[in-house]
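Structural overview for review
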Amino acid sequence: MESEKADYQTSTDQDNSTETTFDPDLEKTWRKVDTFILPVVSMFYLLSFLDRTNFANARVAGLQRDLRMTNYQYSIALTVTYIPYIVAELPSNLLLKAVGPNLMLPTMLTIWGIITTLQGVVKSYSGILACRFFLGLCEGGVFPGLVLYLSMWYPRQQLQWRISSFFSTASLSSAFSGILAYGIIKMDGIGGRPGWAWIFLLEGLFTVIFGLSSFYTLPRSPAHARFLDNKEKEYILAKLRETGATGDDDTDSFSWREIGQAFMLPQVWMIAVIFFFDGVILYGLAYFTPSIVVGLGYSNAKAQLFSVPPFAMAFVVTMVGAYISDRFGARGYVSMFAGALATIGFAMYLGASSLHIKYGSLFFSVSGAYSAAPALSTWGANNTAPYTRRATAIAIGFIMTNSGGILATWLLGTISPAPLYTEATIILLIFSVLIIVITGMNIAYLSSQNKKKAMIRETTSRESEKQGLGDRSAWYVYSL
């Protein structure tokens, strides 16, 4: 792995042969970017996940009862969110650079905040369905857009820690969602509204306020960042070109051919399949953990609180995994470890008779599901270039993730009934094992490609190589 790491850290884009000189003062630029960019991006995703998954907390707080929804109708409401979500992902990613992330992302955030707030005033099942549909439409481009946005700022070998920083807010949002819901539902009856309605009203209002503020805090690109001086801007752009994270204007311009090229890459489809399995697991746990905890004998109010610790643990595991992944260039190995954690968790849940052990198993399964996603996201972004090919590959991965989310909404509760969801747990266990297997296959494939590229580099020069190959260049070393 050390030799692969060395290759990975020194790999450069085929159209660029100049390496920047290490400058300790300029290296501090990354800390400045972290300070100004990561908090904003992290809050985007925290609010995105919170506004999608607070539906589970509202359900436990009485939403399903008050709107007279059956389990089947509840699954329909979740599914309605995912269909426009999936449809929006690819076109949103392709439009991101043209429109500008500084305009597109804040606009989506503000509109979905308004929609979240409206969920607190609906009085019918049809009203909830309408809100969930438009919520999915506005949020569809957020996660792939944020991954693509960060790839415009950071070199390949520094990317996962940053992606994990914002994605780990998903586990935090699930944790905070339980704590917030526990407090907010005590507002039951205020203003003539039930406690679950206040969950949507307060969380949605905050999203709107933050969305409006982000028009002023989210820069379009490093070249447009007011907090960087000209020397720092040039340094970032040089490092991005040097590591193959970006190319020149011609290479990174929109191209239908590059969209097609993304669909032909084996590593894109192997990661996409893994994304599907992890999506089923992740969203199943995100939407149903409070209900699972209720099934273990806890009251509705305590279930909100007891759903918090597994997600807090997932946050820690995700950040540790990200450090290891960036330190050793080991995206795939971290993904395999995440799959192993989920496997242990679901096996414990199935094999235990004690409800306390079943609850303890959530620490493994939730940590596995949530730590896999940023590793997979970075892996996909690291191994595709140029820009349009990368944007397409990222979108394919998240389309598969959210397709998994659709299955999750039916798997738990409708196909596999409460309180223990036994059949669903068996399927999730199988998917966890498949994550390990297919991740291993992708590592083997990428390793073989790197060996072929190394042989080519020994017998030819960069100047003689055909231009515009992107990640297929012999000088573009794949991350394992």
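Data block above holds the structure.
Read on for an overview of the structure. Position numbers for residues start from 1 in each chain and track the written sequence from start to end. The model is predicted, so local features are restricted to residues of pLDDT at least 70 and side-chain atom pairs to those at 80 or more, both for listing and for counting; the totals for chains, interfaces and linings are taken over all residues. Hydrogens and water molecules were not included; the side-chain quantities draw on all heavy atoms of the structure.

For the protein, the helix and strand inventory stands at 19 helices and zero strands. For the protein, the spread of C-alpha atoms along the principal axes amounts to about 70 × 50 × 40 Å. Taken across its 480 residues, the protein has 61% of its residues classed as buried. Residue contacts are counted whenever heavy atoms from the two residues lie within 4.5 Å of one another. Long-range pairs, those at least 24 residues apart, make up 83% of the contacts in the protein with a sequence separation of at least 6. For the protein, the accessible area works out to roughly 17800 Å², and carbon and sulfur atoms hold 68% of it. Two residue types count as positive, namely Lys and Arg, and two as negative, namely Asp and Glu; His and chain ends fall outside the count. For the purpose of locating charges, the reference atoms are NZ of Lys, CZ of Arg, CG of Asp and CD of Glu. Treating the 35 positive side-chain charges of the protein as one cloud and the 32 negative ones as another, the clouds have centres 7 Å apart. Put simply, DSSP H or I for four residues or longer makes a helix, DSSP E for two residues or longer makes a strand, and each gets a number counted from the N terminus. Burial classification: accessible surface area is computed with a 1.4 Å probe over protein chains only, and a residue below 20% of its type maximum counts as buried, one above 50% as exposed, and the rest as partly exposed. Here the Shrake-Rupley method, with its probe set to 1.4 Å, supplies the accessible areas, and only the displayed protein chains count as covering residues.

Before going further, it helps to examine the pattern of salt bridges. The term salt bridge refers to a side-chain nitrogen of Lys or Arg lying within 4 Å of a carboxyl oxygen of Asp or Glu. Throughout the structure, instances matching the rule amount to seven salt bridges. Across the pair lysine 32 and glutamate 232 runs a salt bridge, and its minimum N-O distance is 3.0 Å. Pair noted here: lysine 32 is in helix H3 (residues 29-60) and glutamate 232 is in helix H11 (residues 230-242), with a separation of 200 residues, a long-range link. Accessibility expressed as a relative area gives 27% for lysine 32, which makes it partly exposed. A relative accessible area of 11% places glutamate 232 in the buried class. For glutamate 258, the salt bridge identified is with arginine 389, shortest N-O distance 2.7 Å. Of this pair, glutamate 258 sits in helix H12 (residues 256-263) while arginine 389 sits in helix H18 (residues 387-411); the two residues are 131 residues apart in sequence, bridging distant segments of the chain. Arginine 389 sits in the buried class, given a relative accessible area of 1%. Residues participating in the shared-partner salt-bridge network are Arg257, Glu258, Arg389 and Asp471.

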